[in-house]
Structure formats: C-alpha cells, structure tokens
Amino acid sequence: DRKITRILITAEAGAEEAARTKRTITDIARETALPIGQVVEGLDSLVAAGRTLPDAMAFLPSVARTAQAAGADVVDIAKSADALGVSLKIPVDSMEEAFDRMAKAGKLGKFELKDMARSLPSLLPLAASKGFQGMEGLTQVVTYLQMIRQGTGTADEAADSFRDMLGKIA
C-alpha cells in the first residue's frame, strides 16, 4: 500500500484516481494470477519512466498478461513496453499485438520473449535511431535477434552482436 501511495504521489494522482488505481491493480493481479507486488512494480517502472498515470495504467494490463504468459519479469516487460512506445512509436492500443509478435518470434527461435524483455529497452533506442519504426520495425528487430542468436551461445551475446551491428550502420 505504501509503494502504491508513493507511485500515486509521483504521478500526482488525486484521491479519486488513487482509489480507482488501487482497485484496478487488484483486478489485474487477480486476472493474471500475479502477486500484487509484481503488478505494482510494473506500474512503478512505467511511472518512473515518465508516463502519466492514465498512460501507465493503459499499458499495465498487457504488461502483466505478457509477463505471466512468458514467465518474464513484470518490470522487464514494463520497460520493454515503454521502449516500444517511445522508441518505435507503437501506441498503447497496439501493445498486445506487439507482445504477440514478440512471443511468436520467441517460440519460433532461440531468442525468447523473456530475453527480449531484458534486451529491448536498451536496443530499441539505437534501432529507432537507425530508422526502425512501428510494428514493421519491431518485426525486423526480433527477426535480426533470432538470426543472430542462431550463431551465438547466449541471448546476451546475440543482443550484444545486434547492438554492434546497429552501431556500424551509418
């Protein structure tokens, strides 16, 4: 409760908005079978990234569902959602589709969704600076990560190789 209160203060939420937020967090936790603390951490990550409370709350259901389905950390998924929105300009109403594309790519290759969740927050700003945008840009990024992962020992090595490749693109 104290953590939620701190988030609400950071987000400059009023009393009515605070009560609604607490109810929604409880509903999301129940729906996704995640501990409330993990859902709160996801919200905290989104608000700390500079999102308004309404914007963060719009992202939170898809973040929680994706984290639960992938067995990924909620904070990692929240940071990825923020990076998808900021760097690739994917709107909140397309976030489920973005996560679905990432999950499908993860199932088809060795670079899994939980690997993407850890790596994309640092990779997407660089990818965006090289022209990757929207769903097409996301598809290209995850395709490259899958191809590179085939020839590397770990997902971290694949992410580093992709970062190196992006750095060499003029």
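It should be emphasised that the depicted structure is a prediction, and the values quoted were computed from it without experimental measurement.

Peer 1: What is the right way to look at the packing of aromatic side chains in this model?
Peer 2: How two aromatic rings sit relative to each other is given by the distance of their centres and the angle of their planes. With the rule as written, the count across this model stands at two aromatic pairs. Between Phe132 and Tyr144 the ring centres are 6.3 Å apart and the planes differ by 80°, which places this aromatic pair in the edge-to-face class. Taken together, the residues Phe132 in the loop between α7 (113-129) and α8 (134-150) and Tyr144 in helix α8 connect sequence positions 12 residues apart. Ring centres 6.0 Å apart and planes at 25° place the aromatic pair Tyr144 and Phe162 in the stacked group.

Peer 1: What exactly am I supposed to notice about the side chain of Ser80 here?
Peer 2: Within the element layout of this structure, Ser80 appears in helix α5 (residues 74-87). You can call Ser80 buried: its relative accessible area is 0%. Side-chain polar atoms of Ser80 contact the backbone oxygen of Ala117, separated by 3.0 Å. Contact partners of Ser80, with chain neighbours within four places excluded, come to Met116, Ala117, Leu120 and Pro121.

Peer 1: Sorry if this is basic, but what is going on with the pattern of salt bridges here?
Peer 2: If charged atoms from side chains of opposite charge come close, those side chains can pair. Applying the stated criterion across every chain, the model contains 11 salt bridges. Where Glu97 meets Arg101, a salt bridge forms, and the shortest distance between an N and an O atom there is 3.0 Å. With Glu97 and Arg101 both in helix α6 (residues 95-108), this residue pair falls four residues apart, about one helical turn. Given a relative accessible area of 37%, Glu97 falls into the partly exposed group. Residue classification places Arg101 among the partly exposed positions, given a relative accessible area of 31%. Note that Asp115 and Arg118 form a salt bridge whose closest N and O atoms lie 2.8 Å from each other.

Peer 1: Looking at this structure, I do not really get the layout of surface pockets. What am I missing?
Peer 2: The space that makes up the largest pocket amounts to roughly 240 Å³. Elements supplying a minimum of two residues to the lining of the largest pocket: α4 (53-70), α6 and α7. With six residues, the top contributor of residues to the lining of the largest pocket is α6. Here the residues of the lining of the largest pocket are counted per class, giving five nonpolar, two polar and six charged.

Peer 1: I keep staring at helix α3 (residues 36-48) and nothing clicks. Help me out?
Peer 2: Given 3.6 residues per helical turn, the α-helix brings residues three or four places apart onto the same face. For α3, with 13 residues, the first-to-last C-alpha span of 18 Å sits near the 18 Å given by 1.5 Å per residue. Val39, Val40, Gly42, Leu43, Ser45, Leu46 and Val47 are the residues of α3 that are buried. Of the surrounding secondary structure, the elements contacted by the buried residues of α3 are α1 (2-10), α2 (15-32), α4 and α5. Backbone geometry just after α3 places Gly50 at a positive phi near 105°.

Peer 1: Just checking my understanding: could you explain α7 for this structure?
Peer 2: When the terminal C-alpha atoms of α7 are compared, their 23 Å separation across 17 residues agrees well with the 24 Å that a helix rising 1.5 Å per residue should span. At Leu120, α7 shows its strongest bend, of approximately 60°, with the proline Pro121 following within four residues. Taken residue by residue, α7 has Leu113, Asp115, Met116, Ala117, Ser119, Leu120, Leu123, Leu124, Ala127 and Ala128 as its buried positions. Of the residues flanking the end of α7, it is Gly131, one or two places downstream, whose phi is positive at about 105°.

About the criteria used
- Within each chain, residue numbers correspond to sequence positions counted from 1 in written order.
- Totals for whole chains, interfaces and linings use every residue, but because this is a predicted model, local features are given only for residues with pLDDT of at least 70 and side-chain atom pairs only at 80 or more, for both listing and counting.
- Only hydrogens and water are set aside; all other atoms, that is, all heavy atoms of the structure, feed into the side-chain values.
- For Phe, Tyr and Trp, where Trp contributes only its six-membered ring, two rings pair if their centres lie within 6.5 Å, and the inter-plane angle classes them as stacked under 30 degrees, edge-to-face over 60, or tilted in between.
- Secondary structure elements are taken from DSSP: a helix is a run of H or I of four residues or more, a strand is a run of E of two residues or more, and numbering for both begins at the N terminus.
- Buried residues are those whose accessible area, probed at 1.4 Å on protein chains only, stays under 20% of the maximum for their type, while exposed residues exceed 50% and partly exposed ones sit between those limits.
- Whenever two N or O atoms come within 3.5 Å, that pair is a polar contact, provided that in protein one can donate a hydrogen and the other can accept it, and provided that, for residues adjacent in sequence, both atoms are side-chain atoms.
- The contact criterion used throughout is that any non-hydrogen atoms of two residues lie within 4.5 Å.
- A carboxyl oxygen of Asp or Glu within 4 Å of a side-chain nitrogen of Lys or Arg is what we treat as a salt bridge.
- A cavity, in this analysis, means grid points on a 1 Å lattice covering only the protein atoms where a 1.4 Å probe fits yet has no way out; a pocket is instead an open set bounded by protein on both sides within 12 Å along at least five of seven lines, and a residue lines either one if it has an atom within 4 Å of a point.
- Grid points are joined across faces, edges and corners, and a volume is the space filled by probe spheres set on the points.
- Classification used: nonpolar for Ala, Val, Leu, Ile, Met, Phe, Trp, Tyr, Cys and Pro, charged for Asp, Glu, Lys and Arg, polar for all others including Gly.
- Working rule for helices: expected span equals 1.5 Å times residues minus one.
- Throughout, bend refers to the angle between the axes fitted to the seven residues that end at a position and the seven residues that start at it.

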